[in-house]
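Below are the chains, spelled out letter by letter.
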Amino acid sequence: GRGALPGEEIAQSAIEVRRVGYVTVRQSTDILGCRGDWPDPLLPQNGGTLEVKTGENQPFWITVSVPKTARGGRYKGEIRVEATSESGKCIVSCIPLALEVFNFALPDVMTLKATFGMNPVEVSKWHHAKSDKERRSTVDSYHRMFSAYRIAPRRLAPYDDWEPEWDKSAGKDAPEKWEPLFDWSRWDVEMERQLSTYHFNCFNMKPWRFWSGFGDAFRRPDIAGIGCDHPAYMTLLKKYLTKVGEHLREKGWEDKAFIYWYDEPTQNTYTNVIAGMKLLKETMPGVKRLLTEQPEKELLGNVDIWCPMPHYLHTEHEGACRKAGEDFWWYLCTEPKGPDFGEFIDRAGAELRLWGWASWKAEIK
């Protein structure tokens, strides 16, 4: 059972009890991991009963969301657990619960910029969301969780498109005079709701008609139906990007926006990556350009946010980048493996606790 901690400031609704679930790992990640059942999902368990096998432990995770109005001090309560054995005997345990509240409140807007990849299409499929309303509600529940744990998704309004129509009244023989017509209404409303409700501090503003790529694969999509080899292509692309940058500036969102348009480039693509970065700087000067790469001599001066994996953070060019005012994030995904900390299930739970402190120590912003 659960109840309010003594005092008006922390009510029952602020206390959440979740059951720790397990994932069976059949192949260890690295030398620090191993096969077996690993704790990972936190499943709702607010009241009700649960069957536990004899000889097994069942841990619970208790979260107390302290309201800003709570006074600093030590709060005490108890957790009451009732268990019925196979013989029908009732066992009651009362476990003391103590909570220390500090005399300050965290700011609503997060300080450390941490953006995690989440595919809204795959999330909606997993939860069998069929209608637009169900998909939006499903994704929003994830955004609520992200906010509670002070991280941000890359895209805040995935279901509200802003891609422009094109005014082609100048005629097909003068495509360089075509103009992009943006309708920002739906996107603006949803963005304002996301930012005011969940207090996210960053988002990826990748224009979908801009260049993209991964590794060696570099791609230039058409713009207004005009291919990249057409003489008018660059003129139209600059109009498009300039309008996007102007809108972000008008809304006051330039400081939160970043553009993550190319992933893990190889040296073979550096020339194209530099050309794209220069174009973004020219047309959207107030929006930071992110690259998932460690500082390399050829790229210096063309990246605003370097995002290398932790074990590639400290390179010979790091100092020059920091001196130039360029930011550093870092990249946790399927790398790095041990002995570096990571996101893998079959690793000590304290590792991701280290992530925030390590970010502070390494001056990750």
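Residues numbered from 1 in each chain as written. Predicted model: local features only at pLDDT ≥ 70, side-chain atom pairs only at ≥ 80, totals over all residues. Heavy atoms only, no water.

Q: Hey, could you run me through the overall build of the protein in this one?
A: When its secondary structure is counted, the protein shows seven helices and 17 strands. Seen along its three principal axes, the alpha-carbon backbone of the protein occupies a region of about 85 × 45 × 40 Å. Within the protein, the proportion of its 365 residues that are buried is 40%. Considering only contacts in the protein between residues 6 or more positions apart, those separated by 24 or more positions represent 61%. The averaged location of the 53 negative side-chain charges in the protein is 2 Å from the averaged location of its 49 positive side-chain charges. (Helix = DSSP H or I, 4+ residues; strand = E, 2+ residues; numbered from the N terminus. Buried < 20%, exposed > 50% of the residue type's maximum accessible area, 1.4 Å probe, protein only. Contact = heavy atoms within 4.5 Å. Lys, Arg positive; Asp, Glu negative; His and termini not counted. Charge placed at Lys NZ, Arg CZ, Asp CG, Glu CD.)

Q: Explain the packing of helix α4 (residues 233-251) against helix α5 (residues 270-283) here, please?
A: The description of two helices packed together rests on the angle between their axes and the distance between the axes. For the pair α4 and α5, the least separation of the axes is 9 Å and the interaxial angle reads 55°. The orientation of α4 with respect to α5, classified from their angle, is oblique. The two elements α4 and α5 cross, and the hand of that crossing is right-handed. Contact with α4, carried on its side by Met-234, Leu-237, Lys-238, Leu-241 and Thr-242, involves Leu-279, Leu-280, Glu-282 and Thr-283 of α5 and no other residues of that element. Looking at the contact of α4 with α5, its residues break down into five nonpolar, two polar and two charged. (Axes fitted to C-alpha atoms, helices over the stretch in contact; angles between N-to-C directions. Parallel < 35°, antiparallel > 145°, perpendicular 65-115°, else oblique. Left-handed = near helix turned anticlockwise from the far one by under 90°. Nonpolar A, V, L, I, M, F, W, Y, C, P; charged D, E, K, R; others polar.)

Q: Explain helix α3 (residues 185-198) to me, please; I cannot follow it from the model alone.
A: Given 3.6 residues to a turn, an α-helix orients residues that are three or four positions apart in the same direction. Compared with an ideal rise of 1.5 Å per residue, which puts 14 residues at 20 Å, α3 spans 20 Å between its outermost C-alpha atoms and is within 8% of the ideal. For α3, the complete set of buried residues consists of Trp-187, Asp-188, Glu-190, Met-191, Gln-194, Leu-195 and Tyr-198. Contacts from the buried residues of α3 go to α2 (132-148), β10 (203-204) and α4. Following α3 by one or two positions, His-199 has its phi on the positive side, about 60°. (Expected span 1.5 Å × (residues − 1).)

Q: Just checking my understanding: could you explain the packing of α3 against α4 for this structure?
A: Look at α3 against α4: their axes get within 13 Å of each other, and the N-to-C directions meet at 45°. Taken together, the axis directions place α3 and α4 in an arrangement best described as oblique. As for the relative orientation of α3 and α4, their crossing is right-handed in sense. Together, Trp-187, Asp-188 and Glu-192 of α3 and His-247, Leu-248 and Lys-251 of α4 make up the contact between the two elements.

Q: Hey, could you run me through the sheet that holds strand β1 (residues 15-25) in this one?
A: Note on sheets: strands pair through backbone hydrogen bonds, and any given pair is parallel or antiparallel. Strand order in the open sheet formed by three strands is β2-β1-β3, with antiparallel pairing between adjacent strands. One side of each edge strand has no neighbouring strand; the edge strands of this open sheet are β2 (36-44) and β3 (60-64). Each strand axis lies, on average, 35° off the axis of its neighbour in the sheet, ignoring direction. Bridge count for β1 against β2 is seven bridges, and the pairing is antiparallel. Note that in β2 the partner of Arg-18 across the bridge is Pro-44. (Pairing = 2+ DSSP bridges.)

Q: How do you make sense of the pattern of salt bridges when you look at a structure like this?
A: Opposite charge on two side chains allows them to pair when their charged atoms are near. Throughout the structure, instances matching the rule amount to 21 salt bridges. In this structure, the salt-bridge partner of Glu-192 is Lys-251, at a minimum N-O distance of 2.5 Å. Of this pair, Glu-192 sits in helix α3 while Lys-251 sits in helix α4, placing them 59 residues apart in sequence. Here the salt bridges share partners, and the residues they tie into one network are Asp-132, Arg-136, Asp-160 and Arg-186. (Salt bridge = Lys/Arg side-chain N within 4 Å of Asp/Glu carboxyl O.)

Q: What exactly am I supposed to notice about the nonpolar core here?
A: Across soluble globular proteins, you tend to see nonpolar side chains buried next to one another. Counting residues in each nonpolar core, the largest one holds 69 residues, and the members touching the most others are Trp-187, Phe-203, Met-205, Leu-237, Leu-248 and Trp-261. Of all the secondary structure elements, the ones that give two or more residues to this core are α2, α3, α4, β13 (257-260), α5, β15 (288-291) and β16 (305-306). In terms of residues, this core owes the most to one element, α4, which gives seven residues. Among residues more than four places away in sequence, those in contact with Phe-203 are Arg-154, Leu-156, Trp-187, Met-191, Leu-248, Trp-253, Lys-256, Ala-257 and Phe-258. Counting residues in hydrophobic clusters, the runner-up holds six residues, among them Ile-10, Ala-70, Tyr-75 and Val-101. (Core = buried A, V, L, I, M, F, W, Y, C linked by side-chain atoms within 4.5 Å.)

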